[in-house]
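# Chains, contacts and geometry: an overview
These are the residues of each chain, in order.
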Amino acid sequence: MNRNIQRLAIGAVTLFGLLTITACGGPPAQIPTVPPAANSSAAVDSASSSVSSSQADTTESVALAYDPKDGSLLKADNAGLLRWRTDTGWRKVNIPQVSTLSAIVVNPDNPTTYYASGPGVGVIRSNDSGNTWQAINTGLPSLDITALAIHSFRRDTVFAWMRGKGVARTEDGGANWKQVPDRGPRDTNVHGLVFSTLPGSMNTGWLYASTPTGAYMSMDCFCGWRAAGNIPANPMIRSVAVDPQTPARVYAAGPAGLFRSDNGGLDWGEPLTGLAGKPLAVTLDPKTPQTVFAVLIDGSVWKSPDGATTWQPLKAA
Amino acid sequence: MEIPRRSNNLATLEGCLMRRTRYRWLLVITMALTACGGQNVSPAAPTNSYPTLDPAQITQGRQVYVQRCASCHGPKAEGAPNWATPGPDGLFPAPPHDDTGHTWHHSDRVLYESIRDGMNDPLRPGSPLRMPAWGSTLSDGEIRAIISYFKSLWLAEHRQYQWEETLKDFKPTPTPPS
């Protein structure tokens, strides 16, 4: 009898554990391990975590985000996640098991919330400004994510571009994802996404996509993508930023320079002057959108206080 | 050969143990589920299934559609040729309203207002209407009937998608005149 009771007790404890893990969805979602990108050109000093960012012209995703909490800039690319502060310069933000990223998004209304993505990584989320991360891939049809965008007023809505598959959307902060019915732009090599509240959408706004053949835009009902103007010299666009207070003002960065549109991307002016090199990515302070930031190919950081009219380099102390 | 009978005492004890075992398994399962803290363990089933359509309204909608809309959107709502390819101006030809198009991406409000108010280039406010505004020609009931006709062309999953878009629309759907 004692043996029977022992067996029952062992069985009960084992089953309890199995059932608990199964019913609760298992341990916290692990971030998939992805080896470093073979073509990473950013030199990373792992001892000091300081980074000398130097990236040649590339079609890989490079994303820039402003963290209004401390005024730092975040850059996601094939060197992972880097943070720039005036007192430190570029510093690597360590994300366990992840070495290559494609996008970084900061929730402007809750700036401790970051979303990042990468090829083979899917989407990861941090609720503590990048100290800890959790994979949020439930329902995501592909982990090969090349771009992310956060909605302008539905902050739990995030869009992800899946290479070869199109757009997925979460409406609950990443707890669940669904692929949206969308054919994608003519060039599906999307390596940047940004949301805009530009008027005229039949839903809640627009998405801009940056691609090697230019910028494209679609309403977020996904009724078709159209070219966002034309930049004839070299149409490749790496990065797009939208002024959230004046959404007709759009910035686009690419090998041909930094451009500004004041009609939602229908027309673009000449390349803006004042930057001492080719821009790699552009972003702005969403609360003070006249403050625009650009990172150049040599890794230098530039700031404009007046909507990209004048620029000054930022020097790390 | 007589099979030795188990003692009544043993049989009673085993029966008792088996009954207790059943209860223990039940208890274990209950505890395990309780330990999850009430988390959903499986995706919630859709609680808001799309409403059924009125066949008479569909018939009316098809008649109005053929009379007013088919010349641009196709007699079977299949859309203009190459409707998915934007022209040099970035604008798209008249889209289909069947499953192959994107009409089902839109809430009831958007569909209603698009028919009532017409459509121009959304990036060029004030530009000429590319689709006429039918609000002064069609009655409220005729507009709703056209939308019902569209819905009758869609797969169940697209009906459900469109219904969910309607439910989460940030603006209310226009109500019929009393």
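All of these numbers come straight from a predicted model, not from anything done at the bench.

A tally of helices and strands in chain B yields six helices and zero strands. Helices and strands appear in chain B in the N-to-C order α-α-α-α-α-α. Within chain B, buried positions represent 21% of all 178 residues. Within chain B, counting contacts between residues at least 6 apart in sequence, those at least 24 apart form 57% of the total.

Counting its secondary structure elements, chain A contains one helix and 25 strands. Across chain A, the fraction of contacts at a sequence separation of at least 24, relative to all contacts at a separation of at least 6, is 48%.

Let us now look at the sheet that holds strand S11 (residues 145-150) of chain A. All names here are of chain A. Read across the sheet, four strands follow the order S11-S12-S13-S14 without closing on themselves; strand pairing throughout is antiparallel. Every other strand in the sheet has two partners, leaving S11 and strand S14 (178-179) as the edge strands with one partner each. Sheet topology note: the S11/strand S12 (residues 158-162) ladder contains five bridges and is antiparallel. Looking at S12, one finds that Ala-147 is bridged to Trp-161.

Another point: the sheet that holds strand S15 (residues 192-196) of chain A. Residue and element names in this part refer to chain A. An order of S15-S16-S17-S18 is seen for the four strands of this open sheet, with the pairing classed as antiparallel. The sheet terminates laterally at S15 and strand S18 (226-227), the two strands that pair on one side only. With two bridges joining them, strand S17 (residues 214-219) and S18 adopt antiparallel strand pairing. Within S18, the residue paired with Met-217 across the bridge is Arg-226.

Residue and element names in this part refer to chain B. When helix H4 (residues 108-117) is considered as a whole, its buried residues turn out to be Val-110, Leu-111, Glu-113 and Ile-115. Where H4 is buried, its residues touch helix H5 (140-152). Once H4 ends, the next one or two residues include Gly-118, with phi positive near 75°.

Turning next to the environment of A:Gly254. Residue and element names in this part refer to chain A. In this fold, Gly-254 is placed in strand S20 (residues 250-254). Under the C-beta neighbour-count criterion, Gly-254 is labelled buried, with 26 such atoms within 10 Å. Setting aside residues no more than four positions away along its own chain, Gly-254 makes contact with Ile-231, Asn-234, Met-236, Ile-237 and Arg-238.

It is worth spelling out the environment of A:Gly229 at this point. All names here are of chain A. Turning to its location among the elements, Gly-229 is positioned in the loop between S18 and strand S19 (239-242). Under the C-beta neighbour-count criterion, Gly-229 is labelled buried, with 22 such atoms within 10 Å. Setting aside residues no more than four positions away along its own chain, Gly-229 makes contact with Ser-261, Gly-265, Leu-266, Asp-267 and Trp-268.

Okay, helix H2 (residues 55-68) of chain B next. All names here are of chain B. Between its terminal C-alpha atoms H2 stretches 20 Å, which fits the 20 Å expected from 14 residues at 1.5 Å a residue. Listed as buried for H2 are Gly-61, Val-64 and Tyr-65. Looking down the long axis of H2, one finds its buried residues gathered within 105° of arc, a one-sided arrangement. Away from the buried face of H2 by more than 90 degrees, exposed residues Pro-55, Ala-56 and Gln-67 are located.

Our focus in this paragraph is the nonpolar core. One finds A:Ile104, A:Val105, A:Leu148 and A:Tyr208 to be the most contacted residues of the largest nonpolar core, which totals 91 residues. When sequence neighbours within four positions are dropped, the list of residues in contact with A:Tyr208 reads A:Val194, A:Ser196, A:Ala215, A:Met217, A:Ala228, A:Val240, A:Val242, A:Val250 and A:Gly265. Membership of the second largest hydrophobic core comes to 14 residues, among which are B:Val110, B:Ala145, B:Ile146 and B:Phe150.

With that settled, the discussion passes to the packing of H2(B) against H5(B). Residues and elements named next belong to chain B. Contact geometry of H2 with H5 gives a least axis separation of 7 Å together with a crossing angle of 100°. Classified by the angle between their axes, H2 and H5 sit roughly perpendicular to one another. On the side of H2, the interface is formed by Gln-57, Ile-58, Gln-60, Gly-61, Arg-62, Val-64 and Tyr-65, while H5 contributes Glu-142, Ala-145, Ile-146, Ser-148, Tyr-149 and Ser-152. The class makeup of the residues in the contact of H2 with H5 is six nonpolar, five polar and two charged.

All names here are of chain A. A positive phi is found at Phe-222, a non-glycine position, where the angle reads about 60°. For Ala-308, which is not a glycine, the phi torsion comes out positive at approximately 75°. Positionally, Ala-308 belongs in the loop between strand S24 (301-304) and strand S25 (312-314).

The subject of this paragraph is the pairing of strand S16 (residues 206-211) of chain A. Residue and element names in this part refer to chain A. Judged by how many residues are buried, S16 sits mostly within the fold: six of six residues are covered. Neither face of S16 is exposed, since Trp-206, Tyr-208 and Ser-210 on one face and Leu-207, Ala-209 and Thr-211 on the opposite face are all buried. The pairing of S15 with S16 spans five bridges and is classified as antiparallel. By the bridge assignment, Leu-193 is partnered in S16 with Ala-209. Here S16 runs beside S17; their pairing, made up of six bridges, is antiparallel. Its bridge partner being in S17, Ala-209 is matched across the sheet by Tyr-216. Here S16 folds back onto S17, and the loop between the two strands holds two residues.

All names here are of chain B. Here chain B shows a mean pLDDT of 80. Residues at 70 or above account for 73%. Confidence drops under a pLDDT of 50 for residues 1-23, and excluding neighbours within four residues, the segment shows three contacts in the predicted structure. Within the model, pLDDT remains below 50 along residues 25-46, and this stretch shows 19 contacts once partners closer than five positions in the same chain are excluded.

Looking now at the packing of H4(B) against H5(B). Residues and elements named next belong to chain B. Relative orientation of the contacting elements H4 and H5 amounts to 125°, with a least axis distance of 10 Å. Considered as vectors, H4 and H5 are oriented oblique to each other. Where H4 crosses over H5, the two elements pack in a sense that is right-handed. Taking contact as the criterion, the partners of Asp-108, Leu-111, Tyr-112, Ile-115 and Arg-116 in H4 are, on H5, Ile-143, Ile-146 and Ile-147. When the residues that make up the contact of H4 with H5 are grouped by side-chain class, the tally is six nonpolar, no polar and two charged.

What counts and how
Residues numbered from 1 in each chain as written. Chains lettered and ligands numbered in written order. Predicted model: local features only at pLDDT ≥ 70, side-chain atom pairs only at ≥ 80, totals over all residues. Helix = DSSP H or I, 4+ residues; strand = E, 2+ residues; numbered from the N terminus. Buried ≥ 20, exposed ≤ 12 C-beta atoms within 10 Å, placed from the backbone. Contact = placed C-beta atoms within 7 Å. Pairing = 2+ DSSP bridges. Expected span 1.5 Å × (residues − 1). Arc of directions from axis to C-beta. Core = buried A, V, L, I, M, F, W, Y, C linked by C-beta atoms within 7 Å. Axes fitted to C-alpha atoms, helices over the stretch in contact; angles between N-to-C directions. Parallel < 35°, antiparallel > 145°, perpendicular 65-115°, else oblique. Nonpolar A, V, L, I, M, F, W, Y, C, P; charged D, E, K, R; others polar. pLDDT = per-residue confidence, 0-100. Left-handed = near helix turned anticlockwise from the far one by under 90°.

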